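What follows is each chain in one-letter form.
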Amino acid sequence: MKEILGLLNAAGVNPQLCNYKLHVSSCPAMCGLPTMPGDDGYGEDMLVPEELLGFEPELFIPARGDSMAGAGFADGDLLRVRLSVSARDGDIVVALVDGMATLKVLFSDDEGRRWLVPCNERYDAILLTAEDNVRILGTVVGVEKRVVRASSGDCLKAIRRTVARRQEPSRPTQAQVDTVIEAVAAEVRNGRQWYAVYRALADLGGVAEGCFREFCERVARVVPGHPSLPVSKELGRLAVQSFRKRVALWDASDAPVSGQRFAEYRRIAQLTAARISESCGR
């Protein structure tokens, strides 16, 4: 136990030894309309740190309903209630109104009238009058939140998203794209062969799919002195048959060029992809 406490302290956690028993009431406090309490009694006990306790007796009461959702209380929470009649204005209290239990904020308005106020606009406040038989059972001094378990389906979806993101290659930066264009420019012998550079860059997310004009303007900016700059219409005419697909799916029997010309296009595209991979550290 000392070793565990030491590890928690080292991690910045403030552990407290739960060495005092508090009873858990079998009668819930309704976070909604007042309701008749059932047979009062104790259910199971709960251990809490003795340092958290005050001088007055305390017990846990389960919350029911949603009228106190604005104060952070949810159905199923365990409310730590200090049994005292000294509730102050603004305290969240467990009250009996004509023998009916409810959980509300005790509050006095500008006219001095006392109310039990919900923290959910769907519910009305309860005005306390001299005729009402009101008894404040105690003040809420803490809450043990109900643990909500996530579904296994949601966990699997989150894991798959994480794995997919890690497997997805990082996109090259714009500076890296410019560097690659400059590096492979010497391999391009005519303007139409720039399509191989475009296709390889598009496969890896370096340039936008189908934006031939933008790509041609970029090449002219990066290598303005190249003897064979690309023309967007010419590149668009090559985006047919297997050339419409990723370079890995190019097929010599289904391409707009054939023979040695096809081999040159594929070589330039593969060289471009290799330079991008080197630049991105893949």
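Presented here is an overview of the structure given in this document. These numbers were taken from a predicted model, which means no experiment stands behind them.

Overview of the overall build of the protein
Next, step 1: Helix and strand counts for the protein stand at seven helices and 10 strands.
Next, step 2: Counting only residues that meet the buried cut, the protein has 35% of its 282 residues in that class.
Next, step 3: Put simply, of all contacts in the protein between residues at least 6 apart along the chain, 62% involve residues at least 24 apart.
Next, step 4: Of the roughly 17,000 Å² of accessible surface on the protein, a fraction of 52% belongs to carbon and sulfur atoms.

So, unusual backbone geometry
Next, step 1: The phi dihedral of Gln241 is positive, around 50°, even though this residue is not glycine.
Next, step 2: You can see Gln241 is positioned in the loop between helix H6 (232-238) and helix H7 (259-280).
Next, step 3: You can call Gln241 partly exposed: its relative accessible area is 35%.

Observations regarding the side chain of Ser242
Next, step 1: In this structure, Ser242 sits in the loop between H6 and H7.
Next, step 2: Separated by 3.1 Å, the side chain of Ser242 and the backbone nitrogen of Asp251 make a polar contact.
Next, step 3: Setting aside residues up to four positions removed in sequence, Ser242 forms contacts with Leu249, Trp250, Asp251, Asp254 and Ala255.

Here's the deal with the pattern of salt bridges
Here the idea is simple: oppositely charged side chains can pair when their charged atoms come close.
Next, step 1: Tallied over the entire structure, the rule returns 11 salt bridges.
Next, step 2: Notably, a salt bridge pairs Arg218 with Asp178, separated by 2.7 Å at the nearest N-O pair. Of this pair, Arg218 sits in helix H5 (residues 212-222) while Asp178 sits in helix H3 (residues 174-184), and the two are 40 residues apart along the sequence. Accessibility assignment for this pair places Arg218 and Asp178 in one class, buried.
Next, step 3: Across the pair Asp203 and Arg199 runs a salt bridge whose closest N-O atoms are separated by 2.9 Å. Of the two residues, Asp203 and Arg199 are both situated in helix H4 (residues 194-203); the distance of four residues between them amounts to about one turn of the helix.
Next, step 4: Relative accessible area serves as the criterion here: at 4%, Arg199 is assigned to the buried category.
Next, step 5: If you follow the salt bridges from partner to partner, you end up with Asp109, Glu111 and Arg113 in one network.

What counts, and where the lines are drawn
Residues numbered from 1 in each chain as written. Predicted model: local features only at pLDDT ≥ 70, side-chain atom pairs only at ≥ 80, totals over all residues. Heavy atoms only, no water. Helix = DSSP H or I, 4+ residues; strand = E, 2+ residues; numbered from the N terminus. Buried < 20%, exposed > 50% of the residue type's maximum accessible area, 1.4 Å probe, protein only. Contact = heavy atoms within 4.5 Å. Areas by Shrake-Rupley, 256 points an atom, 1.4 Å probe, with all protein chains shown as cover. Polar contact = N/O pair within 3.5 Å; in protein donor to acceptor, adjacent residues only side chain to side chain. Salt bridge = Lys/Arg side-chain N within 4 Å of Asp/Glu carboxyl O.

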